[in-house]
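# Remarks on the overall topology
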Amino acid sequence: MKKYIVNGTLIDGTGRPAQKLAWMEMDGGRISAIAAGEQAPPLPPGASVTIDAAGKTVMPGLTDAHCHISYGVARGIEEQDLFGSPEYRAIRGVYHARKVLQSGVTSFSDPGGSWYVGVAVRDAIKGGLFPGPRISAAARYLSNHAALTDYFPSWVGSPRSGVGAMTETASQMLAEVRDQVKNGVDFIKIAASGESATLTPGGGSVPAFRADELKLIVDEAHRLGRRVTAHARAGQSVSDCIEAGIDWIQHADFMDQACADRLADAGIPCCPALTFVANVAEWGHIAGCSQGRIDRFRRDLDLAVKNLEYGWRNGVTMMCGTDSGFAVTPYGEWHARELELFVSHLGMSPLQAITCGTRNAAFTVDPENLGTLEVGKFADLLVIDGDPLQDIRILQDSRRLCAVILGGEMTDMTPTPEMHRWPWERSLAISERELYRETVASASVTRAAAA
Ligand SMILES: [Zn+2]
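Throughout what follows, the structure given in this document is the object of discussion. Note that the structure is a prediction, hence the values are computed from the model and not measured.

## Observations concerning the state of the cysteines
Under the definition given, this model contains zero disulfides. Cysteine Cys259 is unpaired, with the sulfur of Cys241 as its nearest cysteine sulfur at 9.4 Å. Judged by its relative accessible area of 2%, Cys259 is buried. Here Cys270 is not cross-linked by a disulfide; its sulfur's nearest cysteine counterpart is in Cys271, at 7.0 Å.

In C-alpha cells, the structure reads:
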C-alpha cells in the first residue's frame, strides 16, 4: 500500500536548498513520487497519510561512514581485541545496531573489526532477524608490523581475536583478500598507516605498507569486485593510497596541502572521523583517558582541522563518520556530531554538512539506492522537530527525532534496555567502577544541559 508524508520542509540530501514539501509517496520501500515547491500538485485523492510533518523537517536518514559494530564500547585495545567471543560479539552487535538505527542512522559502513562480526550483524538485520540500519561491512584490517592494529609486543604476537590480520608477504595479502571475499565482506580495509613510537623519533604516524603492496591489495580486491578503504593519517600513506587506486580514505588528518590537492584531483572522498578525536579531547576524562592522551588528542585535533579545512575548501569530498564503538563514542549517541564539527571546525554551512552526512557518506554503503530523497531511492528518512539549517546540533537531540523511517517502515523507538557488561568483557587494568555506564550517562546529561 502506498504511504504518504505531507507538509513540512524537505532537505533532499543532494545539496539543493530546502523546499516546501507538499507530499512524498512511498511504495514498496522506495520513494515513488515527490511533490515539492510552490507549484506542487495536490495529494492524490484517497491517499492515506502516514505522517503530517507540518512545522517539521523531512530529510534522508543519516549514514555513518565509520562505525565499528564489533568493538562493543571498548575502553582500550584489550577490550577491542581480546575479550568477548565471536558469538557474543555478534549478538552484542545486533543489540547495538538497533540503538544506532533509533538515533536516526539508517545505514552505516563498518570499516573493520574482529572476525566476521560486521558481516554477521549485516546479514542478521538484512534477513529480518533484528531491527537495524543497512550495513556495509569489512572484516579484519589488512595490517602488518608497522601498522595500526599491531598493538602487542612481538613476544605476545597478534591475537586471533584482534582487528588486524598480519599480512607481511605479498602472498599473505592476496590470501587474506580472497578469504575475506569468500566470507562475504562488502569491502576491504587496510591499515595503511600506524602510530609507533619505535618507528619514528618522537612517535607520529608512519606509512605502514609499501606503495607496491597497497597496489597489490587494491588490484586484487577490485579484481574480485570489492572496494577498498584505508586508515591513512600520514601524508605519505594518503599519497600512496591515491596511487594504488583506493576507493575512499579514512582520517587523512596529517596530510599536507600538496597531498590534499592530489586527493581532490583524484576525486577520492575522505572520512575524517573527527568525532572520535574531538570526543577524546573534550570527554576523555570521563571515559578513563589519561591527561597525556587528552592533551595529545587536543593537539591532533588542531592539526587535523587545519589540514582538513584546507582539503575541503579545495575540493576534497568529505563524508561524515564517527568511529563509534569506543567508550568515547558509544553507539546511538554521537552519530550526528560529525555534522556539527564540520560546521564548527571546517566552516561548512549546515546544508553542506547535511550533504556530507547523507549523500556523501552513503557512498560507503550503497550510493545507487541511498543518501538522497529522490524517486527510486529507498524510503530511508527522518522527520525532525525543528530546522537543522538553523541549528545543526538538533540532529543529536533524540527528543527532536519524531520518526525514523527505514524502507518506508516506521522504526520502533521503544528505548533499548540498558546493557550490563560482564566482568570478562573488561580490561584487567581498568578498575571495577562501571565506567561504561558512567560514560554514557555523563555524556547524555552534559549534552542535555548544553542543549
Ligand atoms: Zn575506526
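There's more to say after this.
## Notes on the sheet that holds strand 9 (residues 134-137)
In spatial order, the strands read 7-8-9; together these three strands make up an open sheet with parallel pairing. Single-partner strands in this sheet number two, and they are strand 7 (62-64) and strand 9. On average, adjacent strands in this sheet sit at an angle of 15° to one another, irrespective of strand direction. Across three bridges, strand 7 lies against strand 8 (residues 105-110) in parallel orientation. Counterpart to Leu62 in the pairing with strand 8 is Val105. Docked against the sheet, helix 3 (residues 117-126) engages strand 8 and strand 9, running at close to 155° with respect to strand 9.

## Section: unusual backbone geometry
Unusually for a residue other than glycine, Asn7 sits at a positive phi of about 70°. Looking at the element boundaries, Asn7 is found in the loop between strand 1 (3-6) and strand 2 (9-10). Given the relative accessible area of 30%, Asn7 is considered partly exposed.

## A look at the coordination of the zinc ion
On the protein side, the zinc ion has His66 (NE2), His68 (NE2) and Asp323 (OD) as donor atoms, found 2.0 to 2.2 Å from it. In the primary sequence, the donor residues of the zinc ion line up as H-x1-H-x254-D. Here His66, found in the loop between strand 7 and helix 1 (77-81), pairs with Asp323, found in the loop between helix 9 (291-313) and helix 10 (337-344); they are 257 residues apart in sequence, far enough to count as distant. An identical accessibility class is assigned to His66 and Asp323; each is buried.

What counts, and at which threshold
- Per chain, residues are indexed from 1 in the order of the written sequence.
- Reporting of local features is limited, given that this is a predicted model, to residues whose pLDDT is at least 70; pairs of side-chain atoms are given and counted only at 80 or more, and all residues count toward the totals for whole chains, interfaces and linings.
- Side-chain metrics in this entry use all non-hydrogen atoms of the structure; hydrogen atoms and water are not considered.
- Working definition: a disulfide is two cysteine sulfur atoms within 2.5 Å of each other.
- Buried, partly exposed and exposed residues are distinguished by accessible area as a fraction of the type maximum, computed with a 1.4 Å probe on protein chains only: under 20%, between the cut-offs, and over 50%, respectively.
- Whether two strands pair comes down to DSSP finding at least two bridges between them.
- Under the scheme used here, helices are H or I runs from DSSP no shorter than 4 residues and strands are E runs no shorter than 2 residues, and both carry numbers assigned from the N terminus.
- Fitted lines through C-alpha atoms give the axes, limited to the stretch in contact for helices. The angle between two N-to-C directions lies from 0 to 180 degrees.
- A contact between two residues is defined here by any heavy atoms of the two lying within 4.5 Å.
- Metal sites are built from N, O and S donor atoms within 2.8 Å, or 3.2 Å for Na, K and Ca, and they leave out water, so they may look incomplete.

Honestly, it's all geometry; don't read function into it.
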